[in-house]
Amino acid sequence: MCGLSGCIHNNKYFLDLEKFKKINDLLKSRGPNNQNVIEIPKDDKKIKLGHTRLSIQDLNSNANQPMYTKDKKLVILFNGEIYNHLKLRKLPTLKHIIWETTSDTETLIILFEIFGVSKTINLLEGMFAIVLYDRNKNIIFHIRDKSGEKPLYIGLNNNFFSFASDPIVFMKLPHFDKAISKKALSNYLKFNYIPNPHTIFSNSFKIPPASILEINLNKFSFVEGITFENFIKNTGVKLYKWWNLDTNKIFLNNNQFSYSDAKKFTQKLLINSVNKQQISDVPIGVFLSGGIDSSLITALISKNQSNIKT
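Anyway, here's the lowdown on the structure attached to this text. A quick note: this is a predicted structure, and the numbers were derived from the prediction, not measured.

**Some remarks on the overall build of the chain**
Then, in step 1: If you tally the helices and strands in the chain, you get nine helices and twelve strands.
Then, in step 2: Its C-alpha atoms give the chain a radius of gyration of 21 Å, within 12% of the compact-globule value 19 Å for 310 residues.
Then, in step 3: Overall, the C-alpha framework of the chain stretches about 60 × 50 × 35 Å when taken along its three principal axes.
Then, in step 4: Per-residue burial over the chain gives 47% buried out of 310 residues.
Then, in step 5: A total of about 16200 Å² of accessible surface is found on the chain, and carbon and sulfur atoms cover 53% of it.
Then, in step 6: When the 41 positive and 26 negative side-chain charges of the chain are each reduced to one mean point, those points stand 3 Å apart.

**Focus on empty space enclosed by the protein**
A probe matching the size of a water molecule, rolled over the atoms, marks out where space remains unfilled.
Then, in step 1: All chains considered together, the criterion is met by one cavity of 30 Å³ or more.
Then, in step 2: Empty space within the largest cavity amounts to approximately 170 Å³.
Then, in step 3: In terms of lining residues, the largest cavity is bounded by 17 residues, among which C2, L54, F78, G80 and D104 are the most central.
Then, in step 4: For the lining of the largest cavity, the secondary structure elements donating two or more residues are β5 (74-82) and α3 (104-115).
Then, in step 5: For the lining of the largest cavity, the element with the most residues is β5, which contributes four residues.

**Some remarks on the pairing of strand β8 (residues 153-156)**
Then, in step 1: Residues Y153 and G155 of β8 are buried on one face, and the alternating residues I154 and L156, pointing to the opposite face, are buried as well.
Then, in step 2: Bridge count between β8 and strand β9 (residues 160-164): four bridges; the pairing is antiparallel. By the bridge assignment, G155 is partnered in β9 with S162.
Then, in step 3: Taken together, β8 and the strand that follows it, β9, pair antiparallel across an intervening segment of three residues.
Then, in step 4: Pairing geometry for β8 and strand β10 (residues 204-206), over three bridges, is antiparallel. Paired with G155 across the two strands is S204, which belongs to β10.

**Focus: the sheet that holds strand β1 (residues 3-10)**
Then, in step 1: The strand order across the open sheet built from six strands is β2-β3-β1-β9-β8-β10, with neighbouring strands paired in antiparallel fashion. Edge positions in the open sheet fall to β2 (34-42) and β10, since each of these has one partner strand only. Each neighbouring strand pair of the sheet contributes to a mean axis angle of 15°, computed without reference to strand direction.
Then, in step 2: Note that β1 and strand β3 (residues 45-53) share eight bridges and pair antiparallel. For N10, the partnering residue across the bridge sits in β3 and is K45.
Then, in step 3: The sheet contacts of helix α1 (residues 17-24) involve β1, β2 and β3, and relative to β2 the element is tilted by about 140°.

**Structural notes on the side chain of H198**
Then, in step 1: Relative to the elements of secondary structure, H198 occurs in the loop between α6 (182-191) and β10.
Then, in step 2: Here H198 is in contact with K183, A184, N187, F205 and K206, once residues within four sequence places are set aside.

Rules behind the numbers
Residues numbered from 1 in each chain as written. Predicted model: local features only at pLDDT ≥ 70, side-chain atom pairs only at ≥ 80, totals over all residues. Heavy atoms only, no water. Helix = DSSP H or I, 4+ residues; strand = E, 2+ residues; numbered from the N terminus. Rg over C-alpha atoms; globule rule 2.2 N^0.38 Å. Buried < 20%, exposed > 50% of the residue type's maximum accessible area, 1.4 Å probe, protein only. Areas by Shrake-Rupley, 256 points an atom, 1.4 Å probe, with all protein chains shown as cover. Lys, Arg positive; Asp, Glu negative; His and termini not counted. Charge placed at Lys NZ, Arg CZ, Asp CG, Glu CD. 1 Å grid on protein atoms, 1.4 Å probe; cavity = no way out; pocket = protein on both sides within 12 Å on 5 of 7 lines; lining within 4 Å. Points joined across faces, edges and corners; volume = space filled by probe spheres on them. Pairing = 2+ DSSP bridges. Axes fitted to C-alpha atoms, helices over the stretch in contact; angles between N-to-C directions. Contact = heavy atoms within 4.5 Å.

Below is the structure:
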């Protein structure tokens, strides 16, 4: 679990890098091993990017974020884990790459550089919230995994656009409107949670799962006090799905698929999933609730590891 944050603002908005660093440090509980912020001036705007890292793959400082490509064209913020990233490094197109780390963050940014956003995302197996800034095109991409396992929020103001792993970041930004969303409050009382894309704040939203929010900063203008639906209709803003359950049916509506086949298939999926999630340069463990799912995961891990920590 890592934390990411960012703020894109006009030059009139007073937010120096030192103050942004203190705001980014609010995410330290998500990433205690390293905290870093950068600022990129661009025309009449300033782009601030921050990251707090929990080191899991490659504990070396070279794997810290924000991470650039060698030509500085792309910069990435990443929270999550890509389970098949070592396999992806063996793709024929990547054979010439001299890798500097064993981190999945480096794998990601190289994939984005070579294949672009759409193709890369569909190669990934994992959980992730990704922010990718293309400095040449002046486009920033916000990408969320299939089930929305990793959080990614945006905050709006007429002087800035911000994003973060936790809306606590927005609360500390100067002039952020903390007005409570009546719709979100109603939904919370009704459902005991706040559905996408709303948050408790009127000027803050969740990026929906399996979605990409693309913002062309050459065309984008800052806004506040509008609905999410109106925001994504703004000039320079695009929101689109990169994956849809309806088009990825594995065996639904297949009358030839027996109950026995379904059990074997489910077992295979579970074993593969658990095995892939054991890639780590630090000790791993399992939180046991006493329920079926955590006990099942522990049993599957125990086939490969003895004395698993729980």
